[in-house]
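Each chain, letter by letter, is given below.
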Amino acid sequence: MTMKKKNDILSRLFGKEHRPQENKHNQPADADSGKSSDAGKGGGTGSVPGSDSGASGEAHYSDHNHNIAPDHTEDKYPRNGKDGKPEVDLSSGKYTKVWQGPNHPGVTGNMSLELTICGDEIVDAKTHVGYLHRGFEKLFERRLYMQVMPTCLRMCVPESDTNEYVFSEAVEELSGIEAPEKAKWLRMLVLEMSRLQMLLRVVPGQGGAFGLGIGVQWGMYVRELILDLFEELTGGRIYHMYMLPGGVRGDLPEGFRERAIKTMDEVYRFAQRIDDVMFNNSVFKKRATGTGYIDPSWVDRFGIVGPNARAAGYNRDVRKDHPYLLYDQLEWEVPVLEKSDVYTRARIRWMDMQVTADLIKQILNKIPEKGSFKAPTPNALNWRIPRGETYVKAEASRGEFGYYVVSDGSAYPRRITLRGPSYTHAIALLEKMLIRTNIADVGAIMVSLQTCPPEIER
Amino acid sequence: MSKLKDILSPFTAWNNLARDPVTIKDPINDRPGAARYRGFHQNDIEKCIGCGACESICETGAIRMVEVDEVETKEGDSGLRPEVDYGRCCFCALCVDICSTGSLTLSNEYIWVDEDPEAFTFVPGIDKKPWDNNQDGWKKPEPDYELNIKERVRMPEMQAEERENSFVEIVKGYSREQAIAEADRCIDCGLCQATCPAHMDIPDYIRAVREENLKEGFRIMYKTNPLPEVCGRICTHKCEDVCAMGHRGDPIAIRWLKRYIADSVDENEYQEALQQENPKDKDKSIAIVGAGPTGLSAAYYLALMGYSVKMFEAQPRAGGMMRYGIPEYRLPYNALDQDIDYILSLGVDIQYNTRVGKDITLDALHEKYDSVLVGTGLHAGKSTRIPGTDHEHVYQAVDLLREFSKGNEIPISEKIVIIGGGNVAMDITRTLARLQNQKYGQVNITTTSLETEDVMPADQEEIDEAREEKVNLKPGWGPQKIEIENNKIKGLHVQRCLSVFDENGRFNPQFDESQTDFFEGDMLIEAIGQGMDISYLSKSIRDGLDFTQRGRLVVNDYFQSKQEWLFIGGDIIQGPDVIHGIANGHKAARGIDMYLRGDLRYE
Amino acid sequence: MHQFLKEIQNRFPIHDVKEQRKNLTLFTTEKEQVVPLLTHLRDHEGFTHFVLLTAVDWIEEDLFQLTYILNNPEKKVDLGIRAYIGRENASMESAHHLWEQVATYQRELKEMFGIDFPGSPRVDEEFFLEGWDDIPPMRREFDSKKYSEETYFPRPGSKSHDPGEYMKQKLYSDDYEEEE
């Protein structure tokens, strides 16, 4: 596809807003951030925000960034110790420990934050997880491969289909089975529908975290329409259990194509409305702009993926970089923005939402009428997978989402582990990002990272 | 300007005041689950066989197989039914997808509630629920969607052209990969075990194939069947008729898996694999009349118990019908000998060419031995007794098969007509077809039976293979008269047979006299069944036995006759087939043991 | 084979190289070589994205397998690096200084497998399991079913029957004797 044509797709959707990155698909696009990008590539010994050597990226962004203090040598902030962590003297009376959580506005699942605050500013943060540990990876040890399917999808509750996909794909890869073409199209359809319903929550949810509830109601309504489609296609609304090793569990119902395409119009309408009430809202702008800034240099240092990385100028999307299923047969372009703050990340998800709706329409028109939707597989009760290991990843709405599967040749997996985006976003990254932000913004920052606690602890 | 827009733009939300609400007013009634919705279970109780595949696949342990009063345990149906605990069920519907019969489905009901928590555990289909007749809900997806392989692994066989003039075994046996793939299809329900006359541990030895623990599989088979090489080839495999997989696909090839295990153990490894010996620690001795399946099986188990066993066989070799009835292309002699040799190696004594009743009397055996088991089988061919059957070129199938097995020449002509629709008829048909091919270079045999093909007692594969070997099969005709001209057989007159049995299941064939046919042939063979020859029972013994009104011998559960020292089993009592003989022999052996300990009386 | 693999092979002892897919290669190295290798891959071979670190318990061989997965965003390839360490007093050199999120993975492995990473920040702090007093639960010898039966109070519920065994009792119990 030519660059011109690519740009057409995005400019149709987003006008001038999208700035394509020519020949720089994997590096921060903005020339200003070149310096910080080099610093990031230099390795992990560089600075972190709040450290006494100063955060890179502040220089060119400080005018937006009201919550990174201009001068961190002020007494207000504790000095960093040898381990790079602030040394807080609680007996000084300057600081207070606050336990925030485990519920946060707009976050699915539970996790707590142990915040050390000075006034209403955070000087140190630790995340605490363990509210949702269900031990899935242990439970898999005594489950047949087919039995893993209805269990694994609970590892990330709001976007369960990515679990089904990467697990099925891993089992297929290890056992040398290929899903039929139709199954691949149906899997893509479900993965994109799943991304869409997730984005319909999280895009207006960003407003919700600041107290703008109305968009959440609208988003939930459109999401329910998507869930209706899921119910028709898969028999379930949240846990679809639709993909399984070998293929999928059903063809398109009659008339589904037309109904789904019609529903996509609701998505575009919603995108317009949320643009009016949230993105063009002076209060939202004031709260979101400059808040929770991610410097491009952090992307590799913290393992940042998905929209959080793409908002920082990195064109990274597993669907493009490692095309799986039949994504290389679709025409689309990955939205990339710069200056990754809460506003930009919400905006990039808003763009993703429309790109996804567009992809769903493309997929619906390409699903073949004929053909099988499941390859023959051995008896599910005795299915032994040849010894081997693999790592299979897909692009979830939050970024790279992968399963590492090890088989010892028996009917039971030796090890299945999940690499979820929130594992890095909500622990290592969040702990650094929260320093010097206002406690009122914590929820918004967590939503802007699309924190998903269930995928952290599995 | 843009600042002002940012203040005004959110007010567009007021536009919604003019929109219609999107809420569903009465969701309980207006919003049924979708057609594929995964709601509460439904189970078609008549269709369900209680195989427990649903329980095995359930990853939450929500399904338990429970006893229900409404269903009886019978062959092919455990009588158990799945109970679902909705405190555990995750509504994944894998139970539906794997259901052997397709009886289990999910309804689209999702709003049912109850105050009693125990109400959320019930047996679908037995405990009546309002959604039992809902049409919508999750059904196993169609087509091409299976969580198992419906087709059995094809058995490699000699092609028709290769085999049509050869007595080399047709079936080649599974390779390691084929056997494991076939064993993998088994869902381990164990429904087959009750139907097998010998109650072999079928799921266990199939598991041994899967786990490549073949010696263990061999030991499992010998627990209930000391003739696995034979049964692995020619068993009537009643187990496969009730196999859960057979409801929607091919049953597991249980017989071929048994053969695979038996073939995998070499003759000289038997002792090492089984580690058995005759302790000879009992001072009682037993005579066995007839070295067929019943006699051999009993001899094996009695020898292991420590008894001295002596067998008397009328023919020059052991095996009975297995040797003298079944053609070599189905059961090669070396396979049979492997089984027999092992039994004899346990210190079982055998005297050949000794016909009890002629060479030695049963009374003499009674005097010399503590107990006697007779398993003399059915070796006397029955005749149709239609006009012409007394002609010298009308033969009995069993006689020809026996003579041929002994290596003697048997009469063979260019055009043969055979009467019979069972496996013996197929055996003689296919044996003679091979001989015709060898002698004349072509086959000209007409085999006719009363039964139409769908109810012919012969195995379907026998019928198909006979056709492949160019035999002219004519099912559904009743023989009327043999046409004889100048003392030469010309052929057989037949009438269309409408039905074989009456509504009571009695043999009572009905004919359509207007439909007739004539099958040409210069030699005619009857293969319509065999009778027993029990002339060896002297009058004094016979008078002490019980017979039914229809002349059948009566024995108790342990095959003990009213003459308590005398045990009778095999085809005379039950069958006719090998596996019943083996089962009878095993049980009679236990009966004899009990009798000799003084624990068993005929009642 | 990828060019970079040849480069690596010249510098580091690697074996059991398997190209699982064209964008995923796995290989094994010695445990002492892991951190130098990771550093080299990050700084010179463009594997700047750290994907995951996890362990596999091969209890039969008394070994833990550690798997590090890296990604090269330019070349768009993933690399899996395996190293084996003994299960007894399992300990591994920490790689927390290379990527910020590595410390989290190491903290999890300490808690779930009992693999120590000396020097890794907060490696001894409780992570998922507050107040856990049993052996590290992801070790194969930890029996989760036994643990739950001893710790919780399952509702007894109905008795389940094995169909084959049930039919034996119902239909032919006296035809059958269990030998030995």
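Residues numbered from 1 in each chain as written. Chains lettered and ligands numbered in written order. Predicted model: local features only at pLDDT ≥ 70, side-chain atom pairs only at ≥ 80, totals over all residues. Heavy atoms only, no water.

**Some points on the overall build of chain C**
No. 1: Looking only at helices and strands, one finds five helices and five strands in chain C.
No. 2: The secondary structure elements of chain C, listed N-terminal to C-terminal, are α-β-β-α-β-β-β-α-α-α.
No. 3: Oriented by its inertia axes, the alpha-carbon framework of chain C measures out at about 75 × 40 × 30 Å.
No. 4: Going through the 180 residues of chain C one by one, you find that 51% of them count as buried.
No. 5: Restricting the contact set of chain C to residue pairs at least 6 apart, pairs at least 24 apart contribute 50%. (Helix = DSSP H or I, 4+ residues; strand = E, 2+ residues; numbered from the N terminus. Buried < 20%, exposed > 50% of the residue type's maximum accessible area, 1.4 Å probe, protein only. Contact = heavy atoms within 4.5 Å.)

**Thoughts on the interface of chain A and chain C**
No. 1: With 50 residues of chain A in contact, the opposing surface of chain C contributes 53 residues.
No. 2: Together chain A and chain C conceal approximately 4,300 Å² of surface at their shared face, both sides included; 49% is due to carbon and sulfur atoms.
No. 3: Contact with chain C buries surface across chain A, with Lys-138, Arg-414 and Tyr-423 of chain A losing the most and accounting together for 17% of the total.
No. 4: Where chain A touches chain C, the interface holds twelve salt bridges. (Buried area = accessible area lost by both parts, 1.4 Å probe. Salt bridge = Lys/Arg side-chain N within 4 Å of Asp/Glu carboxyl O.)

**Some points on the pairing of strand β6 (residues 285-289) of chain B**
All names here are of chain B.
No. 1: Burial analysis of β6 places five of its five residues in the buried class, the great majority of the element.
No. 2: Both faces of β6 are covered, namely the face carrying Ser-285, Ala-287 and Val-289 and the face carrying Ile-286 and Ile-288.
No. 3: As defined by bridge partners, β6 adjoins strand β7 (residues 308-312) across five bridges and the pair is classed as parallel. Bridge pairing in β7 places Ile-286 opposite Val-309. (Pairing = 2+ DSSP bridges.)

**Details of a negative patch on the surface**
No. 1: A cluster of acidic residues, Glu-67, Asp-69, Glu-70 and Asp-127 of chain B, forms a negative patch on the protein surface.
No. 2: Mapping Glu-70 of chain B onto the fold places it in the loop between β2 (63-67) and β3 (80-85). (Patch = residues over 30% accessible without salt bridge, like charges linked within 9 Å, V, L, I, M, F, W, Y side chains within 5 Å. Areas by Shrake-Rupley, 256 points an atom, 1.4 Å probe, with all protein chains shown as cover. Lys, Arg positive; Asp, Glu negative; His and termini not counted. Charge placed at Lys NZ, Arg CZ, Asp CG, Glu CD.)

**Let's talk about the interface of chain A and chain B**
The extent of an interface is frequently quoted as the accessible surface area lost upon association of the parts.
No. 1: On the chain B side, the residues contacting the 47 residues of chain A number 45 residues.
No. 2: Both sides together, the interface formed by chain A and chain B hides about 3,500 Å², and carbon and sulfur atoms give 49% of it.
No. 3: Applying the counting rule to chain A against chain B returns six salt bridges.
No. 4: The residue Lys-285 of chain A makes a salt bridge to Asp-6 of chain B at a minimum N-O spacing of 2.8 Å.
No. 5: Our enumeration of links across chain A and chain B arrives at 29 residue pairs in polar contact (both at pLDDT 80 or more). (Polar contact = N/O pair within 3.5 Å; in protein donor to acceptor, adjacent residues only side chain to side chain.)

**With respect to the domain arrangement of chain B**
All names here are of chain B.
No. 1: Once the domains are mapped, chain B shows domain 1 (27-122), domain 2 (164-273), domain 3 (279-379 + 548-596) and domain 4 (382-530).
No. 2: Taking the mean C-alpha position of each, domain 3 and domain 4 sit 31 Å from one another.
No. 3: Of the residues lining the interface, 13 residues belong to domain 3; the matching set on domain 4 comes to 13 residues.
No. 4: Seen at the junction of domain 3 and domain 4, the total is two salt bridges. (Domains from an automatic or database assignment.)

**Observations concerning the side chain of Arg-349 of chain A**
Residues and elements named next belong to chain A.
No. 1: Secondary-structure assignment places Arg-349 in helix α13 (residues 342-366).
No. 2: The buried charged residue Arg-349 lacks any salt bridge partner; its closest oppositely charged side chain belongs to Asp-352, at an N-O distance of 6.1 Å.
No. 3: For Arg-349, the residues in contact, after removing those within four places along its chain, are Leu-199, Val-202, Val-203, Pro-307, Asn-308, Val-447, Ser-448, Leu-449 and Gln-450.

**Remarks on the packing of helix α7 (residues 214-234) of chain A against helix α8 (residues 256-279) of chain A**
Residues and elements named next belong to chain A.
No. 1: Viewed as axis vectors pointing N to C, α7 and α8 meet at an angle of 165 degrees, and their least axial separation amounts to 10 Å. Looking at the two axes, α7 sits roughly antiparallel to α8. Like other packed secondary-structure pairs, α7 and α8 cross with a definite hand, here left-handed. For the pair formed by α7 and α8, the contact residues are Gly-215, Trp-218, Gly-219, Tyr-221, Val-222, Leu-225, Ile-226, Leu-229, Glu-232 and Leu-233 on the first element and Phe-256, Arg-259, Ala-260, Thr-263, Met-264, Glu-266, Val-267, Phe-270, Arg-273, Ile-274 and Val-277 on the second.
No. 2: Counted by class, the contact of α7 with α8 contains 14 nonpolar, three polar and four charged residues. (Axes fitted to C-alpha atoms, helices over the stretch in contact; angles between N-to-C directions. Parallel < 35°, antiparallel > 145°, perpendicular 65-115°, else oblique. Left-handed = near helix turned anticlockwise from the far one by under 90°. Nonpolar A, V, L, I, M, F, W, Y, C, P; charged D, E, K, R; others polar.)

**Brief notes about the sheet that holds strand β13 (residues 445-449) of chain B**
All names here are of chain B.
No. 1: Pairing in this open sheet of five strands is parallel, and the strands run β11-β18-β12-β13-β14 from one edge to the other. Lying at the two open borders of the sheet, with one neighbouring strand each, are β11 (394-396) and β14 (472-475). Recorded for the sheet is a direction-independent mean angle of 20 degrees between the axes of neighbouring strands.
No. 2: As judged from the four bridges shared by strand β12 (residues 416-419) and β13, these two strands associate in the parallel manner. The residue bridging Ile-418 from the neighbouring strand is Thr-447, located in β13.

**What to know about a positive patch on the surface**
Residues and elements named next belong to chain B.
No. 1: Together, Lys-382, Arg-506, Arg-550 and Arg-552 make up a region of like positive charge exposed at the surface.
No. 2: Residue placement: Lys-382 occurs in the loop between β10 (378-381) and β11.
No. 3: For Lys-382, a relative accessible area of 43% gives the class partly exposed.

**Re the pattern of salt bridges**
Residue and element names in this part refer to chain B.
No. 1: The tally for this structure, following the rule as stated, stands at 93 salt bridges over all chains.
No. 2: The residue Glu-83 makes a salt bridge to Arg-64 at a minimum N-O spacing of 3.1 Å. Taken together, the residues Glu-83 in strand β3 and Arg-64 in strand β2 connect sequence positions 19 residues apart. Both residues of the pair, Glu-83 and Arg-64, count as buried.
No. 3: Across the pair Glu-483 and Lys-481 runs a salt bridge whose closest N-O atoms are separated by 3.7 Å.
No. 4: Residue Glu-483 is classed as partly exposed on the basis of its relative accessible area of 22%.

**Describing the packing of helix α6 (residues 181-209) of chain A against α8 of chain A**
Residues and elements named next belong to chain A.
No. 1: Here α6 crosses α8 at 20 degrees, and the two axes come no closer than 11 Å. By the angle between their directions, the pair α6 and α8 is classed as roughly parallel. Of the two elements, α6 crosses α8, and the hand of that crossing is left-handed. Counted together, Leu-189, Met-193, Leu-196, Leu-200, Val-203, Pro-204, Gln-206 and Gly-207 of α6 and Phe-256, Met-264, Val-267, Phe-270, Ile-274, Met-278 and Phe-279 of α8 form the full contact between these two elements.
No. 2: Split by residue class, the contact of α6 with α8 holds 13 nonpolar, two polar and no charged.

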